[in-house]
Amino acid sequence: MALLLILIPLASIILLNIGFKNAMTKLAIWLSLAVSAWQVAMIIFKVGFDSLNLVNVFNLEIDGLSSVLLLSIGIVAFCSILVGNGTICCPKKKFNFYNLILLSIIGMNGIVMVRDLFSMYVFLEITAVSAFILIAYQEDKFSMEGSFKYLVLSAVATVMMLSSIAILLMYAGNTSFVMVRDAVQGMNSPLVLTAIALFVVGLLIKGGLVPFHGWLPDAYTSAPASVSAFIAGIVTKTTGIYTMIRIVSEVFGFSETIKMILMIVGLISIFVGALAALGQNDFKRMLAYSSISQVGYIILSLGTGTALGVAGAVFHLFNHSIFKTQLFINSAAVEKQTGTRDMDSMSGLSNVMPVTGWTSVVAFLSTAGIPPLSGFWSKLIIVIALWKAGYYWFAGLAIIGSLITLAYFLYMQRRVFFGKINVNFKDIKEAGASIIIPAIILAAITLGVGIFFPYFINTIIVPVSSVF
Amino acid sequence: MKNETLILLTVFVPVLGSFLLPLIGKISETTRNLCALIFVLVSLICSFLLLPTVMRGETISALYVQAVNMNYFYADSLAVFMAIVSSLVGAIIVLYSFGYISHYEHRNEYYFMVVLFLGSMMGIVYSRNLISIYVFWEITALACWRLIGFFRERTYVLRADKAFLVTVFGALMMLIGFLNIYGTAGSFDLGVISKSHVSNLAVLFIMFGILSKSATLPLHTWLPDAGVAPSPVTALLHAAVLVKIGVYVFARLFVVTIPLDEMWHTIIPIIAAVSALVSAGAALIDTDMKRIIAYSTVSQIGFIFLGLSIGNDVALAGGLLYILMHGLSKAALFLCAGIIEQATHTKDITKMGGLIKTMPVTAISFLICAFSVMGIPPLGGFFAKYLVINGAFKSGQTTISFVFLFGAVLTIIYLFRLFILIFMGHSKVEHPEKEGTPVMLISVATLAVLSILGGIFINYPAEVVMTTVQQIMGVVR
């Protein structure tokens, strides 16, 4: 079963490219939708979870943490494919888009299932390569620039991680998580510490945390709408944040230094991201900074090192991938209908685009942590975890960060959706079905997870925290 | 029907029903309006049905959730009393909206938010744990935001954002306080918390939340600004529901559950006194009709806080009665203001005058309710005010009591000023239109009649209040 999650998207890519160009161009969207929907269904219904682990090539495993990620990968990919169908112009580009999405699904599924540093690195590269091409998709100056920045910083991160893996291999004799953990933990040699530091910094670059966030706003903003939703929603979360959670909690362990570094980086990211978001006029750029800020919460929560903190981090990761994808989809709808991303030139779009307006309200309230939406519960768990671990100031500051989040989103709402309709946009219509449907699906998930929280606490949080 | 079911119906019929209203509204406007009213009436009726049980001194718990080991809802006589007051006033305001809102855009959103708001209020009232209080608390803030910005003007939306940010700031502070309590008591359940000691730091943080919601100094600035909302909404926010949420949570946490340290019995009355005086002063000089009434609310909330915080049974009974009487009459004042505003197209009282000739029903209702707020016997407001100040004297805090007496005098002055400038003298309005639609007049008149009846038949609400006070004093002592 675990291997199927890699083989089926791979088989789909091969199938799409063996020939029959015309037929395959039509088939591509259905096939890629089917693959992502199948992945979601597999995780929800837990089909063959324990059995079918026949070929142990990469030593694949699916535990609670992996399944949360697999679920979000499936959902976000499904929605991005639909949005791509609604926003990308010519059939040939669409075809390439679906192929690249499938490729990065392979990469991400691999990342979350492997139990080995080197395999993880390989899958990271697969994901990164498809992400570079996806960002540069429009082939204009800005997207090239965004893609290039991501490429360069990503390469730096890769080099750091690879050299770190080399050092660890030297000590452990193997790169599997278990072996490395046994060799590394409790060891104070400077070389090992360097290796750990290199790896952690590499992941911080990948995740776009302050002060390594330089590439992120450009990459998110210059990418086409559907790609931004995909990259911001899940790609950076899997390559940078999930990996951090997995590696720190299972391999390096929570030493005091790592905890402090993570918490401080997290807190700085929360504030830098939120304050920068407050000053943006470009809709997508604001969302990008907001993303940095929310990722800060995840890392801050991870930094507590307690089971509850890790559970809060994972839960917020899931929620964030849902509501941030949704906000990028909303921005895609707005951009498509008005032809601009400048928030100052819009006003009162809720009047003409009610679905986009209301789903964005759901998403932003969830981001700001207003109950009863999903984001509230994950933030609450994060704050409780910080409080229980004795970091009272961090808990208080995290709560203040929520207020700034609310402030910049209210500012966004006031300029874009809420208010009197701008006369220039009096006659625009709601964006097409393939943008509206994913927005509604994601808003429903946000609302549903929030309202049926007691159920989710048992199915998501408890399994994740029992891992540690 | 079982009592547990009644509580669940009270909360979830309006909360879940509100989501249906926009859909119903797409089919038929009249059906939607009636549904909105019915949802609120369900809350009212169910709460009335709970009354006999709680009057016997029993309490009811509902919706036990295994996963977190907590009861979600709980009813005692305080909760039922509060629920009846707010759903009664809420129902009349919804009725009034039928006339008021009928010619504006976004009617679906309006009814959606109003009913959601009232439903969340019920949720707070019957909450058994801190998390559930917090959840419903924030839902009301959200509904408020949409409603204050209802007319979509740029400055209005700005003020809506301000209200949202101030109340959320308060709520987040309150959340820190809740976490602090959780740290010491190990649970969010009010039943567990009442057995453990709560630090003054937690009380301080929670007070931020309460003061921001009930618009007491220094977090009151959003409330006068919120007057830009449609009049029934301001009535809802200022009179019936929103500001009372703060008061109710104060009563629920610090009067019923957690015995406060002695110093708070002095600090909170002082905050209340400053708040009452400053806002009364602001009400004296302002010229915007709705802002004056709003400042008056801030001022009257001070009286309620005085009653609840001074710490003896007379004042407590007065504070609770005050919630009822103030809700009824202040709602009527705002609704009258709405009628006047629609007829004259202005809110500036210096441009009005002599309106008693063209709108007698409004004028008389306004006067009766203003009398009740001033505390003129035999109207309901008199008994409440008398008991509060009497209780304050009894507790020995003479200075505070005199300050509040002075506040009461100011109330009389600014409300008379308001009445005279609007209704007496020569008309400065060119072509004053007629009074509002019949439903609007009926709602206003009903509230006025209730204010009178509340005074004459004071023994009925007083009975409920005395039971509540006995229960509370029994628990705390």
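Residues numbered from 1 in each chain as written. Chains lettered and ligands numbered in written order. Predicted model: local features only at pLDDT ≥ 70, side-chain atom pairs only at ≥ 80, totals over all residues.

Engineer: Give me the lowdown on the overall build of chain A, citing residues and values where you can.
Structural biologist: When its secondary structure is counted, chain A shows 18 helices and 0 strands. Compactness check: chain A gives a C-alpha radius of gyration of 21 Å against a globular reference of 23 Å for 468 residues, within 12% of the reference. Taking the principal axes of its C-alpha atoms as reference, chain A extends roughly 65 × 60 × 45 Å. The buried share of chain A, reckoned over its 468 residues, is 60%. Considering only intrachain contacts with a sequence separation of at least 6, the fraction spanning at least 24 residues in chain A is 81%. (Helix = DSSP H or I, 4+ residues; strand = E, 2+ residues; numbered from the N terminus. Rg over C-alpha atoms; globule rule 2.2 N^0.38 Å. Buried ≥ 20, exposed ≤ 12 C-beta atoms within 10 Å, placed from the backbone. Contact = placed C-beta atoms within 7 Å.)

Engineer: Go over the overall build of chain B, please, and point to the residues and values.
Structural biologist: Broken down by element type, chain B carries 19 helices and 2 strands. The globule rule puts the C-alpha radius of gyration for 477 residues at 23 Å, and the 21 Å found for chain B is close to it. With the C-alpha coordinates of chain B rotated into their principal frame, the extents come out at 65 × 55 × 40 Å. Burial status across chain B gives 62% buried among its 477 residues. Within chain B, counting contacts between residues at least 6 apart in sequence, those at least 24 apart form 81% of the total.

Engineer: Tell me about the nonpolar core, and name the residues and values.
Structural biologist: With 377 residues, the main nonpolar core has Ile231 of chain A together with Ile148 of chain B as its most contacted residues. By residue number, the principal contributor to this core is helix α14 (residues 313-344) of chain B, which donates 21 residues. (Core = buried A, V, L, I, M, F, W, Y, C linked by C-beta atoms within 7 Å.)

Engineer: Give a description of the confidence of the model for chain A that names residues and reports values.
Structural biologist: Residues and elements named next belong to chain A. The share of residues in chain A with pLDDT of 70 or more is 95%, and the mean pLDDT across the chain is 87. Per-element confidence in chain A ranges from a low mean pLDDT of 69 for helix α18 (residues 453-467) to a high of 93 for helix α12 (residues 283-302). Between residues 48-55, whose pLDDT stays under 50, and residues either more than four places distant or in other chains, the model counts 8 contacts. (pLDDT = per-residue confidence, 0-100.)

Engineer: For the interface of chain B and chain A, give the residues involved together with the corresponding values.
Structural biologist: Between chain B and chain A, the residue contacts involve 24 residues of the former and 23 residues of the latter. Elements supplying a minimum of two residues to the side of chain B that touches chain A: α5 (130-148) and α6 (154-185) of chain B. Broken down by element, the side of chain B that touches chain A gets its largest block of residues, 13 residues, from α6 of chain B. For the side of chain B that touches chain A, the residue count by class is 17 nonpolar, 2 polar and 5 charged. (Nonpolar A, V, L, I, M, F, W, Y, C, P; charged D, E, K, R; others polar.)

Engineer: A description of the confidence of the model for chain B should follow, citing residues and the corresponding values.
Structural biologist: Across chain B, the average pLDDT comes to 86, with 97% of residues at 70 or higher. Predicted complex metrics record ipTM = 0.85 and pTM = 0.90.

Engineer: Quick rundown of the environment of Ile384 of chain A? Include the residues and the values.
Structural biologist: Positionally, Ile384 of chain A belongs in helix α15 (residues 374-388). Once residues within four sequence positions are removed from consideration, Ile384 of chain A is found in contact with Leu308 of chain A together with Leu179 of chain B.

Engineer: How would you summarise the packing of helix α13 (residues 289-309) of chain B against α14 of chain B if you had to cite specific residues and measurements?
Structural biologist: All names here are of chain B. At a minimum axis distance of 9 Å, the contact between α13 and α14 shows a crossing angle of 175°. Classified by the angle their axes make, α13 and α14 are roughly antiparallel. Touching Met289, Lys290, Ile293, Thr297, Gln300, Phe303, Ile304, Gly307 and Leu308 of α13 are Ala315, Leu316, Gly318, Gly319, Tyr322, Ile323, His326, Lys330, Leu333, Phe334, Ala337 and Ile340, all from α14. By residue class, the composition of the contact of α13 with α14 is 13 nonpolar, 6 polar and 2 charged. (Axes fitted to C-alpha atoms, helices over the stretch in contact; angles between N-to-C directions. Parallel < 35°, antiparallel > 145°, perpendicular 65-115°, else oblique.)

Engineer: An account of unusual backbone geometry is needed here, citing residue identities and associated values.
Structural biologist: All names here are of chain A. Backbone torsion omega between Val210 and Pro211 reads 5°, so that peptide bond is classified as cis. Cis rather than trans, the peptide bond between Pro371 and Pro372 has omega equal to 5°. Despite not being glycine, Glu139 shows a phi value in the positive range, around 60°. Structurally, Glu139 can be placed in the loop between α5 (117-135) and α6 (141-172).

Engineer: Tell me about the packing of helix α13 (residues 307-338) of chain A against helix α14 (residues 354-368) of chain A, residues and numbers included.
Structural biologist: All names here are of chain A. Relative to each other, α13 and α14 sit at 145°, their axes nearing to 9 Å. Taken as a pair, α13 and α14 cross one another with a handedness that is left-handed. Here Asn319, Phe323, Gln326, Leu327, Asn330, Ala333 and Val334 of α13 lie close against α14, whose contacting residues are Thr356, Thr359, Ser360, Ala363, Phe364, Ser366 and Thr367. Of the residues in the contact of α13 with α14, the class split is 6 nonpolar, 8 polar and no charged. (Left-handed = near helix turned anticlockwise from the far one by under 90°.)

Engineer: Tell me what's going on with helix α10 (residues 225-252) of chain A, and back it up with residues and numbers.
Structural biologist: Residue and element names in this part refer to chain A. Considering bend angle alone, the principal kink of α10 is centred on Lys237 and spans about 50°. Summarising burial for α10: 27 of the 28 residues are buried, a large majority. At the exit of α10 stands Gly253, carrying a positive phi of roughly 80°. (Bend = angle between axes of the 7 residues up to and from the residue.)

Engineer: Got a sec to walk through helix α17 (residues 433-451) of chain A? Specific residues and values, please.
Structural biologist: With 19 residues, α17 of chain A should cover 27 Å at 1.5 Å per step; its first-to-last C-alpha distance of 26 Å lies within 8% of that length. Along α17 of chain A, the positions that sit buried rather than exposed are Ile435, Ile436, Pro438, Ala439, Leu442, Ala443, Ile445, Thr446, Val449 and Gly450 of chain A. (Expected span 1.5 Å × (residues − 1).)

Engineer: Describe the environment of Thr236 of chain A, listing the residues and the values that go with them.
Structural biologist: Residue and element names in this part refer to chain A. Here Thr236 shows up in helix α10. We classify Thr236 as buried; it has 25 C-beta atoms within 10 Å. For the pair Thr236 and Ala131, spaced 105 residues apart in the sequence, the C-alpha separation amounts to 9.4 Å. For Thr236, the contacting residues outside a window of four places in its chain are Lys206, Gly207, Gly208 and Ile231.

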